[in-house]
Each structure stands twice: as C-alpha cells, then as structure tokens.
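# Structural overview for review
So you can see what is in the structure, the chains are spelled out below.
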Amino acid sequence: MNLLTPSFFKRFVFFLLADFILFFLSLRFAYELRFDFNIPTEHMVKFYTVFFVLTLLKLGSCYLFGIYRLTWRFFGLDDAKRLFYALIVSSFAFFILYWLDSTIFLPMPRSVIGIDFILSLTLVGILRLSKRILSSQSKQSSHKLTLIIGISPHTASLIKTLLDNPLTYYPVGIIAIQPKNFNMIRSTIGNIKISGIDDLPTLIQSKNISAAIIDGTLPQEILRDTYQQLNTLGIHTIKRSSLLEDRMIQDFSIEDLLARHPKDLDTPIIESFIRNKTVLITGAGGSIGSEIALQCHAFGATKLLLVDHSEYNLYQIGEKLPHATLRLLNILDKEPLNTLFLSSKPDIVIHAAAYKHVPLCEDNINAALTNNILGSRNVIDTAIEHNVTKIVIISTDKAVRPTNVMGASKRVVELYAQNVNPKNSEIVAVRFGNVLGSSGSVIPKFKAQIDSGGPITLTHPDITRYFMLISEACQLVLQAAAIARGGELFILDMGESVKIADLAETMIRLYASQPIEIVYTGLRPGEKLYEELLIDESEQKTAFDSILIAGSTHYPIEVLMEDIEKLMISNTPIETLQKIVPEFNHTS
C-alpha cells in the first residue's frame, strides 16, 4: 500500500521515467517523419548519441524550469508555458553543442530537432494534462452541474478554482445578467459558454443543472430576484464571496437577500464628523449602540465613552474596544451622568439607550415610560448643560402613528428633542426600522426555531417590516448627524418593506434540513401589521437619497414638560400618553 501512497519523490521518479520514454518516442518518430518512414541505415548510427545528449538537455532544462515540482492534476496554462520554454531552451542548447562540434552527431538532419521539439511538447503536454482531463470527466459525472450567474473580473478565477479543486460544484455554463455584459453572450470564459438570462430555464433542463453560484457583487435587487427565480426552478443556490475571504464560495444568508447597500454612503463626511472627537454613547452594549461604537472607532474618534447599565453587554463591547472608557451607569441617575459629562467633556453624544421590545414594554408600561422618556430627557438636558456640540437621538419607525407603548414613548422623546431649547448644542433625531440581526429581532428568533426543528411562530400572515444591515444603518445615522444643523428629525430610507411570512419561508429554504411548519399565533398587544416611517407628507430631501427630513411638530416645551410629569404619576398612563401623542392608537 505504501508504494501507492502519493509523494513528491514517487511523482518525480514517475515523470522522469515517463519523460525519458516519451523523449525517445518523439525523437524516433521525428526521424521517421523526416525520412518518410524509411530511415537510411547511416543516419541511425548516431541516433542514440543524439537521443542521450538531447534527452539529458531536456530533462535538465525541465528540472530547472520546475516542471518536476508541478502537481499533476493542477497542470494549467502557466505550467504549459514553462514546459514550452524548457523544451525551447534544451533545443537551443543542443544546437550550440552541434555548432561547437557537429562530428559528434553527424550524420543527422538538423530538421529532426525541430520536429522533435513539436512532438516532445505534444506528448509530454498530453501526459501532464491527462490527469486533469480524467479528473474533469470524473467530476462532471459525480459533482453538481453548476451555472455561474453574473460576470465579474473574478469569474475566470472562480472557474479555475472549481475545475482545479475537488469541490462539489462543476461549472457548465455562465449567465450574463447585467446589460453591460450582454455583448459577451455566445462567447466563452475558461471554455465555458456565456448565455443570456432568457436561456436560463432551457439551459437548466438541457444540461441537468442542479446548482448555481451567483456573483455576490451583483446589485441587491438583481441578487434577490435571481435567487428567487432559481429557487422557483428548484436550483440550489450559493454565492461567490470576495476573493479576500477564506472561502471563495459560500451559502447565502438571509442578510444577503435583505441587505439594501445604500449607494450614497459618504464615508469622508462621516470621518470628518467623528475624527479627533470625544464621543459618548448611551446603550453602548446594545445592538445599535455597540455597532455605532465600532463605527466611531473606525472613523477615528479620539476617545470613546461607552455607557450601559448591563454589565455583560458593556463587557462584550469593551472586549472589542479595549481602549474605550466603560461606565456602568443608569441614565435615570442624573448625578452620576452629570459627573461623567463634567469629567469627559464629550463633543458628540449618541443616545441609543432604550427599552425597545414591544411585548415587554406592554407588560411593564411604567418602567418603559420612565426609562425611555425620563432617561432620554436626562441625557438631552445634561448634554445641553455641558455644551455638547451635537446630540444624536436614535428613534424608531414604531414612533409613527404608534400602536404600542414603546413607539409612543419614543415619539415623546422625538417631540422633546425638537422643542427643547438647545442653547449651544445641535440636537437631531434619526428614525429607522429594523436592523438585521439585532438582539430580540425576528431573524435570530426564526433561526433558533429552525435549528430546534420548528415550528416557526408568526403573529400574522400579512405582517410586514422594513430591514437594513446594522452596519449600514449606523453609518447612515452618523452621516445624518454629520449634515444636521439642529432640530431635524431624519428618516432613513429603508427600501421596500418585507412580508414576514415570505421571510420565514426563505429562511426555511436557506437553513432548514427538514420541513418546518409556520404557525400563526395572532398579533401581540401593541403590534402593527405594518410599520411607517413618516407621520405626514411634509418630508424634505437632503443631499442624500437615503436620508430624508420629517416635518417638525411644535409643542411648547413648558407644556410638554408638564405633560411628561403628569404622565409619570398618572394612574391611567395610556390615556395620558394619548394626550401628548394624539395619533397614538393603542391596540391590546
């Protein structure tokens, strides 16, 4: 068995002997061709002299060019070039010897060396390619026949990787899906024909295709629509990731299909806003707060002050940002908050601390109102007192025509931010929808239910939500804050809303290894069928399509503060909250 175990030495000896035989055959056949298969006897006298000298030159040249260090099944175009150069050099070396002393080789027609070069290159090249050809045929019969969807500068590398490596997928076709590539239809890449998107169903049927690799750099809408089309046709679909990643191909995630990738992110504006600033972030251990902290660090903040009342959450973000200042602090405690502002003198305050889970807030109304409204007021007032240049309030789409306590409490905070006297500060609120993968959101919940074998529980078949990648949402928050002049309520464009039932079915296709049932449980208290981002149509555009400004709502600050105090002591908080937020239509 040891004799059959592959090794460098065994491969070297095998090719050395094989090439020796092939070089003999090529030279003999060259003689035969030169003399029309009737070699004169006198020309065979020096045949073996010519053979041994030429063969030694060939073997030596091949060794110098690294031909014997090649792995058999990976022999490719670059290796063929090296073989060509090696044989050219050996032929020239032979002619130099012939020129120095031709009597060693005569009688010998010099044209034999040229014919021998062509035959040697052909025979040795065929031997080197044979393993790859046999491996390719084997893979085609035993692997998933695969389409490559989309063309990029990395398509040729992807094809080479799939053909050279023992992966599951064998490419048999390419689909040009973007108009800029339509002129390439009917041409080839890596000897694989390029077809148009209209040929997709026919190609799948005629070639018995069972898998597809979509170029991950395609625009989001094309990526999503193509995935759905292939899924409808019963094709297992994966994506080509960046060549800088560890794996060139990987399975789709739900984030790949829902992410928006706004085209107007302006990182220089964000960097100029954050660089060399001291930034204080409340709720810094939460999903939004921790991502904003990471973004501020990436954009060059001089100092980060991370505030949270959860020890574990603060520890987690502290592990990622070891040079940040961590403060275990409840925003309801104004004195410690004031002391922190006094000692740190932040340039920017980003207020992300809040109770955000709708059912929990419905079950704990007083705690939700106290934390979200009084806590936010403490942060805003303290920041104003200490002349913080920019105060950024994180809000939510649930504040629009709220149907639950959490959304109504956030709307009160928006009103306070818009109407309080900012003095030397600029106050801005930023409203957006769900972020992908945030704690307690529907996606990790569905994923956990799928992993446990189901069922997926969904409140209503028609419920919809907006989604955005958490990193992109946080960058847009910072971009909105950078362009703010004070008093604005910014709205992030969340794209098209997503039907949660469709989301659940897509996640089942992506992650489930067995059928998973979807069970509808009915809307929870305070839950909407759909979320909105605007209260009215008075929004204004900004220089960026992804950022809008909502119309401001005037509410005399003295009256608002008095109403908030009444709310905090009210025995009927829902009714009192409805007086502050008339559009609040509480559902239970």
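Residues numbered from 1 in each chain as written. Predicted model: local features only at pLDDT ≥ 70, side-chain atom pairs only at ≥ 80, totals over all residues. Heavy atoms only, no water.

Structurally, E565 can be placed in helix α19 (residues 557–569). For E565 and L374, which are 191 residues apart along the polypeptide, the C-alpha to C-alpha distance reads 9.3 Å. (Helix = DSSP H or I, 4+ residues; strand = E, 2+ residues; numbered from the N terminus.)

One can describe the packing of helix α16 (residues 442–451) onto helix α18 (residues 500–511) by two numbers: an axis separation of 10 Å at closest approach and a directional angle of 45°. In terms of axis orientation, α16 runs oblique to α18. The handedness of the crossing between α16 and α18 is right-handed. Contact with α16, carried on its side by V442, I443, F446, K447 and I450, involves I500, L503, A504, M507, I508 and Y511 of α18 and no other residues of that element. (Axes fitted to C-alpha atoms, helices over the stretch in contact; angles between N-to-C directions. Parallel < 35°, antiparallel > 145°, perpendicular 65-115°, else oblique. Left-handed = near helix turned anticlockwise from the far one by under 90°. Contact = heavy atoms within 4.5 Å.)

Attention now goes to the confidence of the model for the protein chain. For the protein chain, per-residue confidence averages 85 on the pLDDT scale, and 90% of positions sit at 70 or higher. Taken as a whole, residues 242–246 scores under 50 in pLDDT and shows 4 contacts with residues more than four places along the chain or in a different chain. (pLDDT = per-residue confidence, 0-100.)

On to the environment of E496. Mapped onto the elements of the fold, E496 is located in the loop between β18 (489–492) and β19 (498–499). Relative accessible area serves as the criterion here: at 70%, E496 is assigned to the exposed category. The spatial distance from the C-alpha of E496 to the C-alpha of F467 is 8.5 Å, given a sequence separation of 29 residues. (Buried < 20%, exposed > 50% of the residue type's maximum accessible area, 1.4 Å probe, protein only.)

What follows deals with the sheet that holds β18. With respect to topology, 9 strands assemble into an open sheet ordered β10-β9-β8-β11-β12-β13-β18-β22-β21, the strand pairing being mixed. Edge strands, defined here as strands with exactly one partner in the open sheet, are β10 (325–328) and β21 (540–541). As judged from the 7 bridges shared by strand β12 (residues 390–396) and strand β13 (residues 426–432), these two strands associate in the parallel manner. Residue pairing across strands places V392 opposite V428, the latter belonging to β13. (Pairing = 2+ DSSP bridges.)

Bringing a nonpolar patch on the surface into the picture now. A surface patch of nonpolar side chains, about 490 Å² in accessible area, is lined by F20, I21, L25, Y48 and F52. Secondary-structure elements contributing two or more residues to the nonpolar patch are α1 (8–34) and α2 (47–64). Looking at the element boundaries, L25 is found in helix α1. Residue class for L25 comes out partly exposed when judged on its relative accessible area of 45%. (Patch = residues over 30% accessible without salt bridge, like charges linked within 9 Å, V, L, I, M, F, W, Y side chains within 5 Å. Areas by Shrake-Rupley, 256 points an atom, 1.4 Å probe, with all protein chains shown as cover. Salt bridge = Lys/Arg side-chain N within 4 Å of Asp/Glu carboxyl O.)

Further remarks concern the packing of aromatic side chains. On inspection of all chains with the given rule, the structure shows 16 aromatic pairs. Centre to centre, the rings of F12 and Y63 are 6.3 Å apart; their planes meet at 75°, and the pair counts as edge-to-face. With F12 in helix α1 and Y63 in helix α2, this pair connects stretches of sequence that are 51 residues apart. Taken together, a centroid distance of 5.1 Å and an interplanar angle of 75° make the contact between Y31 and F47 edge-to-face. Of the two residues, Y31 is situated in helix α1 and F47 in helix α2; the sequence distance between them amounts to 16 residues. Within the aromatic cluster, the residues linked to one another by ring pairs are F20, F24, Y31, F47, Y48, F51 and F52. In this arrangement the basic side chain of R34 is found over the ring face of F35, its NZ or CZ atom lying 5.0 Å from the centre. (Phe/Tyr/Trp six-rings, centres within 6.5 Å; stacked < 30°, edge-to-face > 60°. Lys NZ or Arg CZ within 6 Å of the ring centre and 35° of its normal.)

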